[in-house]
Structure formats: C-alpha cells, structure tokens
Amino acid sequence: MTQSARWARKYPELGTGPVPVDHFVEQQYLDFEREHIFRTAWLNVGRIDDVPTPGSYVVREIEILRASVLVTHASDGVIRAFHNVCSHRANRLVWNDGGTCRGYLSCQFHGWTYDLEGRLRGVLDEENFFDLDKDKLGLAPLACDVWEGFIFVNFQPQPEETLVEFLGGIVEEFGKRGLEQLSLAFRYDVDDGANWKVALDAQNEIYHLPVLGPVHGAFTDFFATNEEGCTRFNEFKRLGRHTVYSTGMNPEWVPAGLEQLILEVPTTPAPIPQNGVFDFYVIFPNFVMGFLPGSMFTYNFWPVAVDRTIWEIRAHFPRAANAAELVVQHYRKARLRDAQAEDIEGHENVQAGLASRAKTTMVLQDEEVQIRSFHYVWRQYLEAARGRDAAGVA
Amino acid sequence: MLPSAFTDLERWVDPFAVESDDDRSRLRLEWSLDEITAFHQAMFPRFAAIMEHLAEVDPRSMSDEQRLLVALAVTFVELSAAVEHYGPTGTNGARDIIRFEAKHGLLGLALAR
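Rules and cut-offs
- Residues numbered from 1 in each chain as written.
- Chains lettered and ligands numbered in written order.
- Predicted model: local features only at pLDDT ≥ 70, side-chain atom pairs only at ≥ 80, totals over all residues.
- Heavy atoms only, no water.
- Helix = DSSP H or I, 4+ residues; strand = E, 2+ residues; numbered from the N terminus.
- Buried < 20%, exposed > 50% of the residue type's maximum accessible area, 1.4 Å probe, protein only.
- Contact = heavy atoms within 4.5 Å.
- Areas by Shrake-Rupley, 256 points an atom, 1.4 Å probe, with all protein chains shown as cover.
- 1 Å grid on protein atoms, 1.4 Å probe; cavity = no way out; pocket = protein on both sides within 12 Å on 5 of 7 lines; lining within 4 Å.
- Points joined across faces, edges and corners; volume = space filled by probe spheres on them.
- Nonpolar A, V, L, I, M, F, W, Y, C, P; charged D, E, K, R; others polar.
- Salt bridge = Lys/Arg side-chain N within 4 Å of Asp/Glu carboxyl O.
- Phe/Tyr/Trp six-rings, centres within 6.5 Å; stacked < 30°, edge-to-face > 60°.
- Core = buried A, V, L, I, M, F, W, Y, C linked by side-chain atoms within 4.5 Å.
- Pairing = 2+ DSSP bridges.
- Axes fitted to C-alpha atoms, helices over the stretch in contact; angles between N-to-C directions.
- Polar contact = N/O pair within 3.5 Å; in protein donor to acceptor, adjacent residues only side chain to side chain.
- Parallel < 35°, antiparallel > 145°, perpendicular 65-115°, else oblique.

For the rest of this paragraph, the subject is the overall build of chain A. The helix and strand tally for chain A stands at nine helices and 19 strands. Taking the principal axes of its C-alpha atoms as reference, chain A extends roughly 80 × 60 × 35 Å. Counting across all 394 residues of chain A, residues that qualify as buried make up 56%. Within chain A, counting contacts between residues at least 6 apart in sequence, those at least 24 apart form 66% of the total. Approximately 16600 Å² of chain A is accessible, and the part contributed by carbon and sulfur atoms is 51%.

Time to look at empty space enclosed by the protein. Residue and element names in this part refer to chain A. Under the definition given, this model contains four cavities of 30 Å³ or more. What the largest cavity holds in volume is close to 210 Å³. Together, 18 residues line the largest cavity, and Q203, I206, L209, F278 and L336 are the ones closest to its centre. Mapped by element, the contributors of at least two residues to the lining of the largest cavity are α6 (214–222), β15 (278–283), β17 (295–305) and α8 (323–355). Among the elements that take part in the lining of the largest cavity, α8 stands out by supplying four residues, more than any other. Here the residues of the lining of the largest cavity sort into 12 nonpolar, four polar and two charged.

The next thing to look at is unusual backbone geometry. A negative phi angle is the norm for most residues apart from glycine, just as the trans form is the norm for most peptide bonds. The peptide bond linking A:F284 to A:P285 adopts the cis configuration, its omega dihedral lying at 5 degrees. Mapped onto the elements of the fold, A:P285 is located in the loop between β15 and β16 (287–292). Along the chain, B:D14 connects to B:P15 via a cis peptide bond; the corresponding omega equals 20 degrees. Take B:P15: it is sitting in helix α1 (residues 13–16). Located in the positive-phi region is A:A90, a residue other than glycine, with phi close to 70 degrees. Positionally, A:A90 belongs in the loop between β5 (79–83) and β6 (98–100). Phi at A:D131 takes a positive value of approximately 50 degrees, unusual for a residue other than glycine. Judged by its relative accessible area of 80%, A:D131 is exposed.

Below, the discussion takes up the layout of surface pockets. Residues and elements named next belong to chain A. What the largest pocket holds in volume is close to 930 Å³. Lining the largest pocket are 39 residues, and of these F222, E259, L263, Y331 and R332 lie nearest its centre. In terms of residue count, the dominant contributor to the lining of the largest pocket is α8 (eight residues). Tallied by class, residues from the lining of the largest pocket come to 25 nonpolar, seven polar and seven charged. Estimated volume of the second largest pocket: approximately 810 Å³.

It is worth spelling out the pattern of salt bridges at this point. Residue and element names in this part refer to chain A. Throughout the structure, instances matching the rule amount to 42 salt bridges over all chains. Residues E33 and K197 are paired through a salt bridge, measuring 2.6 Å at the closest nitrogen-oxygen approach. Here E33 is found in helix α2 (residues 27–38), whereas its partner K197 is found in helix α5 (residues 196–203), with 164 residues between them in sequence. The pair E33 / K197 is uniform in exposure class, with both members buried. Between E312 and R314 there is a salt bridge, with its nearest N and O atoms 2.8 Å apart. The exposure classification of E312 matches that of R314, with both residues buried.

With that out of the way, let us pick up the packing of aromatic side chains. The description of an aromatic ring pair rests on the distance of the ring centres and on the angle between the ring planes. Scanning all chains against the criterion turns up 39 aromatic pairs over all chains. When the ring of A:Y188 is compared with that of B:F100, the centres are 5.5 Å apart and the planes differ by 90 degrees; the resulting orientation is edge-to-face. With A:Y188 in strand β12 (residues 183–192) and B:F100 in strand β1 (residues 100–102), the pair connects residues from two separate chains. Relative to A:F374, the ring of A:F284 lies with its centre 5.3 Å away and its plane at 40 degrees, an arrangement referred to as tilted. Here A:F284, found in the loop between β15 and β16, pairs with A:F374, found in helix α9 (residues 369–390); they are 90 residues apart in sequence, far enough to count as distant. As far as burial versus exposure is concerned, A:F284 and A:F374 are alike and both buried.

With 86 residues, the main nonpolar core has A:I62, A:V71, A:W147, A:F152, A:F155, A:F278 and A:M289 as its most contacted residues. At seven residues, the largest contribution of residues to this core is made by α9(A). When neighbours within four sequence positions are excluded, A:F278 is seen to be in contact with A:I206, A:F223, A:Y245, A:S246, A:T247, A:F291, A:L292 and A:F297. Of all hydrophobic cores here, the second largest spans 44 residues; its members include A:A324, B:V13, B:V18 and B:V83.

The strand order across the open sheet formed by eight strands is β13(A)-β14(A)-β15(A)-β16(A)-β17(A)-β18(A)-β12(A)-β1(B), and the pairing between neighbours is antiparallel. Every interior strand has two partners, whereas the edge strands, β13 (233–239) of chain A together with β1 of chain B, have only one. Strand-to-strand twist across the sheet, computed as the mean angle between neighbouring axes with direction ignored, equals 20 degrees. When β15(A) meets β16(A), the two strands line up antiparallel, connected through five bridges. Residue pairing in the sheet places A:F280 in a bridge with A:G290 of β16(A). Lying over the sheet, α5(A) contacts β12, β14 (242–247), β15, β16, β17 and β18 (308–317) of chain A, oriented at roughly 155 degrees with respect to β17(A).

With that settled, consider the side chain of A:R47. Residues and elements named next belong to chain A. Mapping R47 onto the fold places it in strand β2 (residues 43–47). Within the structure, R47 has its side chain in polar contact with the backbone oxygen of E148 (distance 2.6 Å). Within the local environment of R47, its side chain forms a polar contact with the backbone oxygen of L179, the two atoms lying 3.5 Å apart. Dropping the residues within four chain positions of it, R47 is found in contact with E148, G149, F150, I151, L179, E180, M296, R314 and H316.

This brings us to the packing of α8(A) against helix α4 (residues 47–54) of chain B. α4(B) packs onto α8(A) with a crossing angle of 130 degrees between their chain directions and a minimal axis gap of 6 Å. When the axis of α8(A) is compared with that of α4(B), the two are oblique. Side by side, α8(A) and α4(B) meet where A:A323, A:A324 and A:V327 of the first sit next to B:F47, B:M51 and B:L54 of the second. Here the residues of the contact of α8(A) with α4(B) sort into six nonpolar, no polar and no charged.

Right, dumping it as structure tokens:
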C-alpha cells in the first residue's frame, strides 16, 4: 500500500493488484463487448447541437453494432432515434451525415418517404404492392432519451433501465450545471490504431502529464502537483458504474507567452460549477465529459476492431460573440488537440506492447484509480454475461 | 487584402492565412521552425490590436478582409505551440495532428451558428 493510498482506502472493493490485459487484444472480448456492453448500455450519440431545430437530423454510424442510427428532431419538438434502414428492402435511408429537411426524408433507392416521427408517409407506385399497410412499415425505432442536452440511444428493444437509472449517481452529482451556455464549436474524428479501452485508459489518468510531451508539460504546470511534479486529484468519485476525477489548479501558475495575451481577450463568461479546475467524467462505457473553466470537451471512443478505434472529440464553448472570441476558442481547441496528438502515439505504442503478449497484466498506482474502476465495472459485465451463459439465458 | 490597420502583416498572408485545420497542420509540419518562428515574432506584438479589431466583428458576417485577418490570427494561435512549446525540442509538434479529421468546417464557422 502506498503512503497515502487515498483512493484505494476510499474504494477498497477495487483492490490494488495488477489488472489482466488479455481483453485489449483478443477478439473474443470485443465480441463480448458488442453483445453485452454496447448492445445493452445507453450510448451517447451526440448532443442537441446535432439536431438543434425541428426538421434537423443526423446520422451516426455505430460500427461495433453494424448499425446506422438516424436521430431526428421532429416538429413536435421530440428527439427520436431510428435504425437508418428503409422498410422496403432495408437500404440505408439517409446517405449523408445529416442536415435539415422540410419534415420528410426519402430513400434514394425507390423513394419511400418517412416523416421525422418515423412514419411511412409515401410509397412510389403504391398501388402495385400487395396489401401494403403503411402504418406497420414505419422506421424501426431505438430507445432514445436526452439528459442535459446529451442524446443517448439504447439498442435493447426494451431497455432494462431508463437513461436516468443507467446514469445513476451522475444525475445527482451533475445537478444543474447550466450546460445550455455552451455550444458545440469544434469536432474531430481520429482513426486511432488501438483498442478503445487503451485509448480511454490513457485519458483516464494524468499521471503521464509531466512526461509525454511539451504540451502535456504545459498542462502539468497549470495543475496542482506534488513536489515531484506529479499531479494529484483533489477528488475521485465512483458514481455507480461511472466515475469522475478532479484536479486542482497550481496556485503558483503564471501564464506565459501567448497564453498571457489570450487571457487578456474579453470572452463570454460561462460559469459552469466544477469540483476542481479540471473535471473528467467517464460515463460507462465509452463517453467522456471533461470540464475546464468556461468550456467542455467530450470524447466518444467507438470500437471498430480489437485494435482500432474512432476517437470522436468535441469542444464546446459559449457561442462566440465576436471574431476575437472565435480566435480564442481556436487557441483553446488547438492546445487540447496538440495534447491529444501527443497521446495518439502513446495509445498505439501501448497497443503494440499488449499485442506482443509480453505482459499478462498491467500495474496501476493510486492516481490511476479511474482506470481501475473502469476495468472493475467492465469485469462485472463480463462475469454477469458468463453467469447468464452458464444459466443458459445469454 | 487585410484591413487597413494591418497592412504591415500583409507579407504573411501567403502562406499563413489559411482556413482549414488540415492546411494549418500541414503548414506547421512542413515549414521550418525558423520560418514559423519569424511569423510568430511578427504576429505576437500585433495580437492585442488584432483582437481589439476583431472584437467588433461578427464571425457570422465577416467581410473578405476581416475573414483574412481571422484566418491569419487562427494560424498564429495554432502554430504558437510549435514555437513556445516544441521549439526547444527541435520539432514543430506531434506529427499526428494531421490525423485529426476536422468536422467543423473552414475556420470553425460551420458550427459557429
């Protein structure tokens, strides 16, 4: 046990031993994740910014489930989700990424037309079909709910939990943060040559900050650290299967270079309550909400293969009131992007090391507790699935 | 052309006033650190004045001159890490920045509704 072991003492159920790593490299575990995690959990597929007005829609590809999801904002104000599949012969209904329509979407194969509530409204050459009942041929719906502006879907026909039940302690922890002050400003997708859990683990600690690269080093100066320059959380909480770590600010931090000039530019205030200067929430399994003063970033780690992930990165700021504020937001976006670019090589090098089978376990320290908690929950899912298999109910 | 108050920066418009993340990342990775440093040194003392000017500009309805100035300023802030953080390492930054596929349009304006 380390001298402090703050988090190990707070959450003794997580243990302190090494964690197996075979689930980063073996296909059988990706297959398990597909059926028992991604097909059962509530998955974030975007934010209200993606479908801001009635008539807007967006398409999200969920590669691990071989699914294309159509999210719509209908004239009744309700956000809905459907399989993006035409009821005629299962063609993809919408072929672009999204946009705004006049309330109807037509299949580009034979022109079958649906409204944004999913009802089949028009069939080309309808008289030539046999006993066609349009009321029974709407789009296949997905369970969909919105929390704090975040859109979630669930692939279970009847989800075992509501979204609020699934989020559990996160809802109470979050309270009313006033996220409507923030708008989606930037979005990147990165094709990352690592298992999705490798990519997530790398973000789930900031132990690496003093070492990984110069931009990480600059963040280290900003955060509270011990005498060795190692970051120390001021809080870590398990909230059911979800977690948050928070870091305080270095009281002796002095802005330098362009940072100093940036801080002198007036920007729209966005007083979002935080636990520390940097709060990092992980909503199991693959969604992250990170908060820095006046801004929020989100990550979605989308598995594509056992060693490939699409890392979706979004940055949210107050709507830029003027062009100077837009430039400042680009600066903040680029700083984060530069740090993430330093991360990518790390992800892929870890994946290579794991794939070599040189090691069967990884060793975690106390400030890597959020990784430990994630894998603890992941293993609970695995054991539950094995239990169902053994009982013949999987 | 840049707004008249910034004609002294005109010589940097080509190649630095670009609008896409991809173009800025390529500039950063393909131009020498000396060239980027010269651009940084020219822009740094003018940045406060640029921000003061752009504080009066609506990003959703910019003139061509204003848009050019925004492009130059965004390239400056994005490339500054090459000079201020990576310079001492002799690199311009992580090469993986080129792998970030931007979905936010030129100058981020697709989402700055």
